[in-house]
Amino acid sequence: MTRPLVVLGGAGDLTGRLMLPGLAELEDVGELTDDQTLLAVGREELSDDDYRDWARERLTEHAAHVPEAARDRLLARLGYHQGSVTEPADLRAVLERAGGVPVVYLALPNTVFLPTLRALTEVGLPEGAAVAVEKPFGENADDARELNAVLAQLLPDEAVFRVDHFMATQTVLNILGLRFANRLFEPVWNAGHVERVDIVFDETLGLEGRAGYYDTAGALRDMLQNHLLQQLAVIAMEPPAAVDAGSLAARKADVLRVVRPPADMARDTVRGRYTAGTVDGQELPDYVAEEGVEPARETETYAEYTVTIDNWRWAGVPFRLRSGKALGENRQEILVRFKPVPHLAFGGTPPEAGLLRLGFDPDTISLELNLNGAGDPFDLERTTLGIELPPRRLSAYGLLIKEMLAGDPTLSISAAEAEESWRIVEPILAAWDAGDVPLREYPAGSDGPG
Ligand code: BG6
């Protein structure tokens, strides 16, 4: 049985920046079967050769870490079909050309998932086919519910991959090992010992020509509705019975279900938008001056909110999530701050309590502790135990595509998780739309709106 990958939106930014590089890595490590093909579908008028030229350029730009011979082998597997992804007749032609039992990947803006899936339902898929849907999963909770209903008509749930590539990152997967393969952390992993958790994903990247998608999404829908909530879920979930799709999805959904949205939107949420500035020596214009941006939409490029989790383990512990574009530093980390000791036998100013820091790319784990000082043994000194993990051979997209082609949904997001994640952010979006929280400006290259 051949398992072609059919990429709807195959000439788009996501395909060029992340999927093709992931596939090139799989090619390089020999994970693609001889008969593996990829058929890209897009509106642009391109021949197969034009598409391969486009793909070669994207790979040169984004997959320089993969040997050229592997990139060339991947190019030979690619084909292109022009068509509209919401037209049943076009999709029928695509599926006929692809043949076999396809994995159909919606590498599309979230606004077109629903019409695309409806068109696919009209055409039907062969038994054993799979569908992957990118994030954010729809535009709001109603949309997510409808997407789930259409998907349920189209395929069995284990053949649906709701994609969140953060689940396939080394940092997030390491949380599972750290928490559940050691006796050390789990006993203190609760409100009795943890003061607060911060999940930070600051990026130096600006809009990067993605206005078509980003200007209708914004930072909250782009990052805090999905990636950062998935991190929260893995940090906060109960131990799974097994590391498989059923257990992980159920334990994560349990947590998301009891995340309480912020009570006071003006106090507990921040929305910001960048103005002109310099990031890494590069000048960025005002966000609103970027091509394709509609200033009246008031799209935020920075979002932050603080929530609590209503269960026995976490009641009262604040979880703060923040992410923004065009910031001064790529600060991407999860911080678990422990409570101070109940009694400090040492004199002087009490030191900061212990802190566990899980950093992204390069992946680092560090534990900040208070130890006896080197000079005066009765003084306390801050010391850090830390490791930097070697990079993995497969990027998150490489791993996700590998799992998809193998039919393993362990890293996929469940229907319930997708809907619960919208439930958490919808009150924030509503308050922002109603103007209850001012849109604050921050210069590109700064630390954000403060
Ligand atoms: C994507 C967002 O899902 O994640 C981007 O759409 C963001 O806006 C990206 O830049 C961050 O993830 P990574 O893995 O590219 O650092």
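Residues numbered from 1 in each chain as written. Predicted model: local features only at pLDDT ≥ 70, side-chain atom pairs only at ≥ 80, totals over all residues. Heavy atoms only, no water.

1. Brief notes about the overall build of the protein
A count of helices and strands for the protein gives 13 helices and 18 strands. At 23 Å, the protein has a C-alpha radius of gyration in line with the 22 Å of a compact globule built from 450 residues. Residues counted as buried form 54% of the 450 residues belonging to the protein. Partitioning the contacts of the protein with sequence separation of at least 6, the portion at a separation of at least 24 is 77%. Surface summary for the protein: the accessible area is close to 19,400 Å², and the carbon and sulfur share equals 50%. (Helix = DSSP H or I, 4+ residues; strand = E, 2+ residues; numbered from the N terminus. Rg over C-alpha atoms; globule rule 2.2 N^0.38 Å. Buried < 20%, exposed > 50% of the residue type's maximum accessible area, 1.4 Å probe, protein only. Contact = heavy atoms within 4.5 Å. Areas by Shrake-Rupley, 256 points an atom, 1.4 Å probe, with all protein chains shown as cover.)

2. A few points about the site of the ligand
Every residue lining the ligand is accounted for by K135, H165, F166, F201, E203, R210, D222, M223, H227 and K325. A distance of 2.7 Å is found between an oxygen atom of the ligand and a side-chain nitrogen or oxygen belonging to H227. Separating an oxygen atom of the ligand from a side-chain N or O atom of K325 is a distance of 2.7 Å. Relative to its unbound accessible surface of 390 Å², the ligand loses 76% to contact with the protein. For the shell around the ligand, the residue count by class is three nonpolar, two polar and five charged. (Near = heavy atom within 4 Å. Polar contact = N/O pair within 3.5 Å; in protein donor to acceptor, adjacent residues only side chain to side chain. Nonpolar A, V, L, I, M, F, W, Y, C, P; charged D, E, K, R; others polar.)

3. Some thoughts on the layout of surface pockets
Taken as a whole, the second largest pocket encloses approximately 530 Å³ of empty space. Lining the second largest pocket are 21 residues, with F338, K339, V341, A353 and G354 sitting closest to its centre. The element best represented in the lining of the second largest pocket is strand 16 (residues 364–372), accounting for four residues. Looking at the lining of the second largest pocket residue by residue, the class counts come to 14 nonpolar, four polar and three charged. (1 Å grid on protein atoms, 1.4 Å probe; cavity = no way out; pocket = protein on both sides within 12 Å on 5 of 7 lines; lining within 4 Å. Points joined across faces, edges and corners; volume = space filled by probe spheres on them.)

4. Concerning the pairing of strand 13 (residues 319–324)
In terms of burial, strand 13 is largely enclosed, as six of its six residues are buried. Side chains F319, L321 and S323 of strand 13 all project onto a buried face; the interleaved residues R320, R322 and G324 project onto the opposite face, where all are buried too. Across six bridges, strand 7 (residues 194–202) lies against strand 13 in parallel orientation. By the bridge assignment for strand 13, F201 is matched with S323. Direction of pairing for strand 12 (residues 302–309) relative to strand 13: antiparallel, over a ladder of six bridges. (Pairing = 2+ DSSP bridges.)

5. Examining the side chain of N110
By secondary structure assignment, the location of N110 is in the loop between strand 4 (103–106) and helix 5 (113–123). For N110, a relative accessible area of 5% corresponds to the buried category. Here the side chain of N110 touches G138 through a polar contact of 3.1 Å, landing on its backbone oxygen. Setting aside its immediate chain neighbours within four residues, N110 contacts P136, G138, E139, D143 and Y213.

6. Notes on the packing of aromatic side chains
Tallied over the full model, the rule gives twelve aromatic pairs. Aromatic pair F166 and F201: ring centres 4.9 Å apart, planes at 55 degrees, arrangement tilted. Of the two residues, F166 sits in the loop between strand 6 (160–162) and helix 7 (170–180) while F201 sits in strand 7, which places them 35 residues apart along the sequence. Here F166 and F201 have matching classes, each one buried. (Phe/Tyr/Trp six-rings, centres within 6.5 Å; stacked < 30°, edge-to-face > 60°.)

7. Regarding the sheet that holds strand 2 (residues 38–42)
Whenever strands of a sheet pair, they do so through backbone hydrogen bonds, lying parallel or antiparallel. Taken in spatial order, the six strands of this open sheet run 3-2-1-4-5-6, and their pairing is parallel. In this open sheet, the two strands that pair with only one neighbour each are strand 3 (78–82) and strand 6. Taken pair by pair, the neighbouring strands of this sheet meet at an average axis angle of 20 degrees, ignoring direction. In this sheet, strand 2 lies alongside strand 1 (residues 5–8) in parallel orientation, the contact comprising four bridges. (Axes fitted to C-alpha atoms, helices over the stretch in contact; angles between N-to-C directions.)

8. Some thoughts on the UniProt feature "binding site: substrate" (unreviewed entry) in the protein
Taken from the UniProt record, the annotation "binding site: substrate" (unreviewed entry) applies to H165, E203, D222 and K325. By secondary structure assignment, the location of H165 is in the loop between strand 6 and helix 7. Residue H165 is classed as buried on the basis of its relative accessible area of 18%. Non-local contacts of H165, meaning those with residues more than four positions away in its chain, are made with H227, A396, Y397 and L400. Mapped onto the elements of the fold, D222 is located in helix 8 (residues 211–224). A residue is classified by how much of its surface remains accessible, and D222, at 2% relative accessible area, is buried. The contact partners of D222, leaving out residues within four places of it in the chain, are K135, R210, Y213, Y214, H227 and K325. (UniProt positions renumbered as here; feature names shortened; annotations may be inferred.)

9. Quick word on the pairing of strand 15 (residues 355–359)
Of all five residues in strand 15, four are buried; the element is thus mostly enclosed. Sheet topology note: the strand 15/strand 16 ladder contains five bridges and is antiparallel. If you follow R357 over to strand 16, its bridge partner there is S366. Between the end of strand 15 and the start of strand 16, which pair antiparallel, lie four residues, with D361 showing a positive phi angle near 45 degrees.

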